[in-house]
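# Observations on the model geometry
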2 protein chains.
Amino acid sequence: MEDLERIGQQAKKAEAVLRTLSRGRKDAALNRAADRLDESEEQLLSANEKDRMAALEKGMSQGLLDRLTLTRERIRSMSQGLRDVAALDDPVGEVTGMKRRPNGLLIGQKRVPLGVVGIIYEARPNVTADAFGLCFKAGNAVILKGGSDAAHSNAAIVSVLRSALAEENLPPEAVCLLTGDRSQTTRFMKMNEYVDVLIPRGGASLIRTVVQESTVPVIETGTGNCHIYVDESADLAMAVEIVYNAKTQRIGVCNACESLVVHEAIAESFLPMLAARLAEKNVELRGDKQARAVLNTIREAAEEDWGREYLDYILSIKTVRDISEAIAHINRYNTGHSEAILTSDYANANRFLEEIDAAAVYVNASTRFTDGGEFGFGAEIGISTQKLHARGPMGLRELTSTKYIIYGDGQIRP
Amino acid sequence: MEDLERIGQQAKKAEAVLRTLSRGRKDAALNRAADRLDESEEQLLSANEKDRMAALEKGMSQGLLDRLTLTRERIRSMSQGLRDVAALDDPVGEVTGMKRRPNGLLIGQKRVPLGVVGIIYEARPNVTADAFGLCFKAGNAVILKGGSDAAHSNAAIVSVLRSALAEENLPPEAVCLLTGDRSQTTRFMKMNEYVDVLIPRGGASLIRTVVQESTVPVIETGTGNCHIYVDESADLAMAVEIVYNAKTQRIGVCNACESLVVHEAIAESFLPMLAARLAEKNVELRGDKQARAVLNTIREAAEEDWGREYLDYILSIKTVRDISEAIAHINRYNTGHSEAILTSDYANANRFLEEIDAAAVYVNASTRFTDGGEFGFGAEIGISTQKLHARGPMGLRELTSTKYIIYGDGQIRP
């Protein structure tokens, strides 16, 4: 308990220094941290090797093991990530909406850091450097709780980052790493006095746990049951390529397409074209009755298929009578991530953009673009699927808050 | 349980209608609700009389009884509140930052309603109409949980609002009232499936309970331990009037001044002037050693005084060596609400604005201006003292979220 309390106090103290730090000093520290990571390659690889050995021994799956593994290339990509963040504009300090009130008060809103950001994530050591870089550039101290399977790797990375901060005469406590057990994490999620926001990064169950247990404000990131609705008027050749891309370009990501919604008038012409293209990647199709009337060898979609985020080579297919049914179906089953309509109809495009309730709504494009890099933010800390504070890809700006600044010359309230 | 589930479903359904409602229809409904409140005066007063009788019987304090009481004038002020909100700009639908990406995608951010807003508040029936008006204008359905002492009053008000909505062919479930017991409220705070945000309005203990128990995202409003720092270079006559205003103009509010921080170099000249003025309202002063050396009859401030929100005719006084000590003291004890510096020094004014961590930071003005009306927002749902989503007075804009809208012409991710 004392340990955690001390970490909270240290992070809070570091935050007060970071709050007013110039861009120049922040960028210098990020670049120095990048250099130090590069120079510490051997030491990082050997720490990672310890984690890998332990993971192999306990029989970790290939996928998780891959995420845990550091290579020379991945270390270079971590350090390059820090340099990229250094090159981004500093969001802190911008003043917007400054207006003079009738009583002469001049009131504006200034962008400021959030304060202390907590990140809870799985055994992916690259997140350690990434999360630090983004939080730091936005003027925040960060407390990291990484998966315990990456304990040696994370400790090594944080130690490198901290010594780079110290070399720049900055408080090393700007990045803190929790190394305690589960009960420490539980207490961490209730440290409202020291932590301004928690961002869980990982699978659905990690995120659920943080949402359920935390009293600190949480930004929910994550799960995407993304739909593409192919309207009656869609360009079918374009539609085949977009669905193929959104389903198969990368399957394990939250912005991949999981469900196709198709207008019944084109089901007969479109579905066979699409099925042929998806067969190249052996995508399993699961359809409703009407879809199966066209593609008669495919499996029947059960009710639970409509709500599934497969993260796999599987696509559910729902046929609808019209765009109203499509919108109702999507708004019922989606997870508020990314949804697309493929259409050449002006009114339908507008209606879909207006009525679909999701972080990102597309016309005639793949859902795979929901990403901080693709949106032009340079980097992202995650994709928010909730509506408070930030919705969609979160860049540096979303790691800040605001405060009102008010210039007076003696005003009192009558 | 079923009841609460049904209310959640109904609110969600109503929200889907409100989401795309034109400003004209929203304003018409607000104005009709205002008319109906005026016409229902007798019925509202007699419902309120039942609540008042029960409250008197159980010996409710005068202050609480006053907040519970409806009068003809207060009903007119409720209906006028709805008309005022109808006259405000609709925040929904604005698109900002639309930019063309190198691949041709056109990406913008559109302002949309939050969805379903939950308000938990004390026995103040006027909040029922106010909260509905603001949430509705921003396109949200609202679920209200008012203090049980106002049960009859709230039921009567909500019934009037609902019939006005029905007359406008809008779903009455756009405003729902919870009438269950405490266990219902506890379950309500965990209805993440149906409720997008909870806003507690009331005293510190109500807010603490909601923050602790809720899994739905909460916007914390409220407590203000506000400081005024009188710098060495302050105009002392101006300072007397600002402190007098911030302390005494209204004592029971969150933006009232609770603590004075004064530069030691002017303590001897300033404190007697201020004490004389505050004596007009019999303000009790509690000072540190140096303050008591000047004002030798005042009580000594204990450590717990620095953190107290008195909401009373009491002011604590802390003397400091310089602005650094003032900033450190304020950042240690404040609640992130409103803080002011009184100074004629350019560098000190800027430094205070930069380094103080609070929702509103003032130079040479009373902290009493932290208010949606005074900031020009027309109305407010509360003053956020947290950093996520909204900080400071929350108007219609803070009752909205955003979504990304993306126009493509066949883009796929390479």
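To start, this report covers the structure provided alongside it. (Residues numbered from 1 in each chain as written. Chains lettered and ligands numbered in written order. Predicted model: local features only at pLDDT ≥ 70, side-chain atom pairs only at ≥ 80, totals over all residues. Heavy atoms only, no water.)

A few words on a negative patch on the surface. Residues and elements named next belong to chain B. Judged by side-chain charge, E232, E264, D322 and D345 come together as a negatively charged surface patch. Within the element layout of this structure, E264 appears in helix α11 (residues 264–279). Taking the relative accessible area as the measure of exposure, E264 reaches 34% and is therefore partly exposed. (Patch = residues over 30% accessible without salt bridge, like charges linked within 9 Å, V, L, I, M, F, W, Y side chains within 5 Å. Areas by Shrake-Rupley, 256 points an atom, 1.4 Å probe, with all protein chains shown as cover. Salt bridge = Lys/Arg side-chain N within 4 Å of Asp/Glu carboxyl O. Lys, Arg positive; Asp, Glu negative; His and termini not counted. Charge placed at Lys NZ, Arg CZ, Asp CG, Glu CD. Helix = DSSP H or I, 4+ residues; strand = E, 2+ residues; numbered from the N terminus. Buried < 20%, exposed > 50% of the residue type's maximum accessible area, 1.4 Å probe, protein only.)

Bringing the sheet that holds strand β1 (residues 95–100) of chain B into the picture now. Ordered in space as β10(A)-β9(A)-β11(A)-β8(A)-β7(A)-β12(A)-β13(A)-β16(B)-β2(B)-β1(B), the 10 strands form an open sheet in which the pairing is mixed. Among the strands making up the open sheet, the edge pair consists of β10 (299–300) of chain A together with β1 of chain B. The pairing of β1 of chain B with strand β2 (residues 106–113) of chain B spans 4 bridges and is antiparallel. Bridge pairing links V95 of chain B to K110 of chain B in β2 of chain B. Together, β7 (226–230), β12 (338–342) and β13 (360–365) of chain A together with β2 and β16 (400–411) of chain B form the strand contacts of helix α14 (residues 346–355) of chain A, whose direction differs from that of β16 of chain B by roughly 145°. (Pairing = 2+ DSSP bridges. Contact = heavy atoms within 4.5 Å. Axes fitted to C-alpha atoms, helices over the stretch in contact; angles between N-to-C directions.)

In this section: helix α10 (residues 236–248) of chain A. Residues and elements named next belong to chain A. For α10, with 13 residues, the first-to-last C-alpha span of 18 Å sits near the 18 Å given by 1.5 Å per residue. Across the 13 residues that make up α10, a large majority, 10, are buried. Within α10 the residues assigned to the buried category are L236, A239, V240, I242, V243, Y244, N245, A246, K247 and T248. Two to three positions downstream of the cap, the backbone nitrogen of A237 sits 3.1 Å from a side-chain oxygen, assigning the N-cap of α10 to D235. (Expected span 1.5 Å × (residues − 1). Polar contact = N/O pair within 3.5 Å; in protein donor to acceptor, adjacent residues only side chain to side chain.)

In this section: the packing of aromatic side chains. Residues and elements named next belong to chain A. Counting across every chain of the model gives 10 aromatic pairs over all chains. Between the aromatic rings of F132 and F136, the centroid separation amounts to 5.3 Å while the plane-to-plane angle is 35°, which identifies the pairing as tilted. Of this pair, F132 and F136 both sit in helix α6 (residues 125–137), 4 residues apart, which is roughly one turn of that helix. Take F132 and F136: they sit in the same class, and that class is buried. (Phe/Tyr/Trp six-rings, centres within 6.5 Å; stacked < 30°, edge-to-face > 60°.)

Another aspect to go through is the pattern of salt bridges. A complete count under the given rule lists 75 salt bridges over all chains for this structure. Where E325 of chain A meets R321 of chain A, a salt bridge forms, and the shortest distance between an N and an O atom there is 3.4 Å. With a shortest N-O distance of 3.1 Å, D66 of chain B and R74 of chain B are connected by a salt bridge. When salt bridges with common partners are traced through the structure, they connect K12, E15, R19 and D196 of chain A together with D357, K387 and R391 of chain B into a single cluster.

What follows is about the environment of I157 of chain A. Residue and element names in this part refer to chain A. One can find I157 in helix α7 (residues 151–167). With a relative accessible area of 0%, I157 lands in the buried category. As a C-alpha pair, I157 and E41 span 116 residues in sequence and 10.0 Å in three-dimensional space. The contact partners of I157, leaving out residues within four places of it in the chain, are L37, L44, L70, M78, P125, T128 and A129.

Turning our eyes to something else, we now look at the interface of chain B and chain A. Counting residues at the interface gives 73 residues for chain B, matched by 72 residues for chain A. Note on chain B versus chain A: buried area summed over both sides is about 5900 Å², and carbon and sulfur give 52% of it. Area buried by chain B at its contact with chain A is led by L388, Y404 and R413 of chain B, which between them contribute 14% of it. Put simply, chain B and chain A have 10 salt bridges between them. Between K387 of chain A and D196 of chain B there is a salt bridge, and its shortest N-O distance comes to 3.8 Å. At the boundary of chain B and chain A, one finds 43 residue pairs in polar contact (both at pLDDT 80 or more). For the side of chain B that touches chain A, the elements supplying multiple residues, two or more each, are β2, α9 (204–213), α10 (236–248), α14 (346–355), β13 (360–365), β15 (392–394) and β16 of chain B. Broken down by element, the side of chain B that touches chain A gets its largest block of residues, 11 residues, from β16 of chain B. A per-class count over the side of chain B that touches chain A returns 31 nonpolar, 24 polar and 18 charged. (Buried area = accessible area lost by both parts, 1.4 Å probe. Nonpolar A, V, L, I, M, F, W, Y, C, P; charged D, E, K, R; others polar.)

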